[in-house]
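# Results of the structural survey
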Amino acid sequence: MNLKMTFAGAALVALMSTTSAMAQDVIGYITKSATNAGWMMINQGAADAASEEGVKLVSVGPAFQGDLSSQLEVFENLVAQGAKAIGVAPVDSAGIAPAVNDAMAAGIPVIAIDTGVSGAEVTSFVATDNYAVAKVQGAIAATLVADGDTIIYVTGNQAQSTGQERRNGFMEAFAAARPNSKVLEVPTEWNSQQAQEGVEAVINANSDVKMVANAWDGGTMGAKAALENLGYGAGEVKLVGF
C-alpha cells in the first residue's frame, strides 16, 4: 500500500517541479479508476502529496472502466480551467495523445502515470517497469508447469502500454522456458468479470489447462472465482497473479 501511495506522490511531486505552482493553483489528476482497490491507494497518494504541497488537486476519473471519451473531456476542461499541470493515467495510450499534444502546446506540463502515451511527448513518465516485471512473472510461472502443458493468460487492456508490456514480457519469458506449451489468451479491459467469464469459457473447451496466469490483481480474483465455479479445489489448477 505504501509503495503505491508513494508512487502517486512521486508523480505529483514531479508535476510540482515542472511548474512554479503556488497555493490554490489547480493541478489536474486524471486517474484510470475511482473504484479499483489499487487505484484508490494511488489516488490517495496523489491527494496526500497535493495537501503537503499546498495546492488544489482536481482529481477525476473515467465514468466507467476504459472510458476514453470522458478522459478526453476532462482533459479539455482542465486546460480551459487554467490547470498549472496535469497528471494522467491513460485508459488508451494512443487515444489520449491529441489532448496531451494540445496541453503541451499550451505550455501545460503533462505527467503520464502508470501507462505511457503513444503519439505525443510528455514532460515526464512515472511507472512500474511492466515489461521487466512481467518477464519475471513468466519465468516463475514456467517453473510451475511442465513443458507441453496448456495454460491460460488473462491479459490487461491491449490498447494501453501497460497491458501490452505485461503481456509481451510474460509471453517472452514463458515461451523461452516452455517452448512446447500452449498459451490460451483471455482478453480483458482490466475487468474482473471479463476475466472470470473468459477463464470459465476457455476451461470448458480445454479441460487440460494446468495454470492460469494473470496480468493484474482483479484478473487473478476473477480467475479464482471461475475455478471455484467450475468445481476445482485449491492447487488443482495453478493460479499466478501479478
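Here is what the cut-offs are and how they apply
- Residues numbered from 1 in each chain as written.
- Predicted model: local features only at pLDDT ≥ 70, side-chain atom pairs only at ≥ 80, totals over all residues.
- Heavy atoms only, no water.
- Helix = DSSP H or I, 4+ residues; strand = E, 2+ residues; numbered from the N terminus.
- Rg over C-alpha atoms; globule rule 2.2 N^0.38 Å.
- Contact = heavy atoms within 4.5 Å.
- Areas by Shrake-Rupley, 256 points an atom, 1.4 Å probe, with all protein chains shown as cover.
- Lys, Arg positive; Asp, Glu negative; His and termini not counted.
- Charge placed at Lys NZ, Arg CZ, Asp CG, Glu CD.
- Core = buried A, V, L, I, M, F, W, Y, C linked by side-chain atoms within 4.5 Å.
- Buried < 20%, exposed > 50% of the residue type's maximum accessible area, 1.4 Å probe, protein only.
- Salt bridge = Lys/Arg side-chain N within 4 Å of Asp/Glu carboxyl O.
- Axes fitted to C-alpha atoms, helices over the stretch in contact; angles between N-to-C directions.
- Parallel < 35°, antiparallel > 145°, perpendicular 65-115°, else oblique.
- Pairing = 2+ DSSP bridges.
- Right-handed = clockwise from strand over helix to strand, strands pointing away.
- Expected span 1.5 Å × (residues − 1).
- Polar contact = N/O pair within 3.5 Å; in protein donor to acceptor, adjacent residues only side chain to side chain.
- pLDDT = per-residue confidence, 0-100.
- Phe/Tyr/Trp six-rings, centres within 6.5 Å; stacked < 30°, edge-to-face > 60°.

## Description of the overall build of the protein chain
On a plain count of helices and strands, the protein chain comes out with eight helices and nine strands. Here the protein chain has a C-alpha radius of gyration of 20 Å; the compact-globule value for 242 residues is 18 Å, and the two agree. Over its C-alpha atoms, taken along the principal directions, the protein chain stretches across nearly 60 × 30 × 30 Å. Contacts spanning at least 24 positions in sequence make up 72% of the contacts within the protein chain whose residues lie at least 6 apart. Carbon and sulfur atoms provide 52% of the accessible area of the protein chain, an area that totals close to 10,800 Å². The centroid of the 12 positive side-chain charges in the protein chain is displaced by 7 Å from the centroid of its 24 negative side-chain charges.

## Some thoughts on the nonpolar core
If you look at the biggest cluster of nonpolar residues, it comprises 28 residues, and the most contacted ones within it are Ile152, Val154, Phe170, Phe174, Val199, Met211 and Val212. Apart from residues lying up to four places away in sequence, Met211 is in contact with Ala141, Leu144, Val145, Thr150, Ile151, Ile152, Phe174, Val237, Lys238 and Val240. Among the nonpolar cores identified, the runner-up in size contains 19 residues, and Val58, Leu78, Val100 and Ala120 belong to it.

## What to know about the pattern of salt bridges
Under the defined criterion, the tally for this structure stands at four salt bridges. Across the pair Lys135 and Glu172 runs a salt bridge whose closest N-O atoms are separated by 3.4 Å. Here Lys135 is found in helix α5 (residues 130-142), whereas its partner Glu172 is found in helix α6 (residues 161-177), with 37 residues between them in sequence. Two residues, Glu185 and Arg167, come together in a salt bridge whose shortest N-O distance is 2.8 Å. Pair noted here: Glu185 is in strand β7 (residues 182-186) and Arg167 is in helix α6, with a separation of 18 residues, a long-range link. The partly exposed category is assigned to Arg167, whose relative accessible area is 23%.

## Considerations on the packing of helix α3 (residues 68-80) against helix α4 (residues 97-105)
With their axes 9 Å apart at the nearest point, α3 and α4 run at an angle of 10° to one another. When the axis of α3 is compared with that of α4, the two are roughly parallel. Judged by residue contacts, Leu72, Phe75 and Val79 of α3 engage Ala99, Val100 and Ala103 from α4.

## Brief notes about the side chain of Thr220
With respect to the helices, strands and loops of the structure, Thr220 is situated in helix α8 (residues 217-229). For Thr220, the contacting residues outside a window of four places in its chain are Asn214, Leu239, Val240, Gly241 and Phe242.

## A few points about the pairing of strand β6 (residues 150-154)
A large share of β6 lies buried, amounting to five of its five residues. Across the two faces of β6 the burial is the same, with Thr150, Ile152 and Val154 and Ile151 and Tyr153 all buried. One ladder, built from five bridges, connects β6 with β7; its direction is parallel. The residue bridging Ile152 from the neighbouring strand is Leu184, located in β7. Note on the crossover from β6 through α6 to β7: the handedness is right-handed.

## Points about helix α7 (residues 192-205)
Between its first and last C-alpha atoms α7 spans 20 Å; for 14 residues at 1.5 Å apiece the expected length is 20 Å, and the two agree. Among all positions in α7, only Ala195, Gln196, Gly198, Val199, Glu200, Val202 and Ile203 are buried. Tucked inside the fold, the buried residues of α7 contact β6, β7, β8 (209-214) and α8. Structurally, the start of α7 carries an N-cap: the backbone nitrogen of Gln193 is 2.8 Å from a side-chain oxygen of Asn191.

## Points about the confidence of the model for the protein chain
For the protein chain, the mean per-residue pLDDT works out to 89, and 90% of the residues sit at or above 70. This model gives residues 1-6 a pLDDT under 50, and the stretch forms nine contacts once residues within four places in sequence are excluded.

## With respect to the packing of aromatic side chains
Under the criterion given, the structure shown has three aromatic pairs. With a centroid separation of 5.6 Å and 10° between ring planes, the pair formed by Phe170 and Phe174 is classed as stacked. Of the two residues, Phe170 and Phe174 both sit in helix α6, four residues apart, roughly one turn of that helix. For the pair shown, Phe170 and Phe174 are each scored as buried. Ring centres of Trp190 and Trp216 lie 5.4 Å apart, and the angle between their planes is 90°; on these two criteria the pair is classed as edge-to-face. You can see Trp190 sitting in the loop between β7 and α7 and its partner Trp216 sitting in the loop between β8 and α8, a full 26 residues away along the chain. Given the relative accessible area of 6%, Trp216 is considered buried. In textbook terms, an aromatic cluster arises when at least three aromatic residues are bridged by ring pairs, as seen for Tyr153, Phe170 and Phe174.

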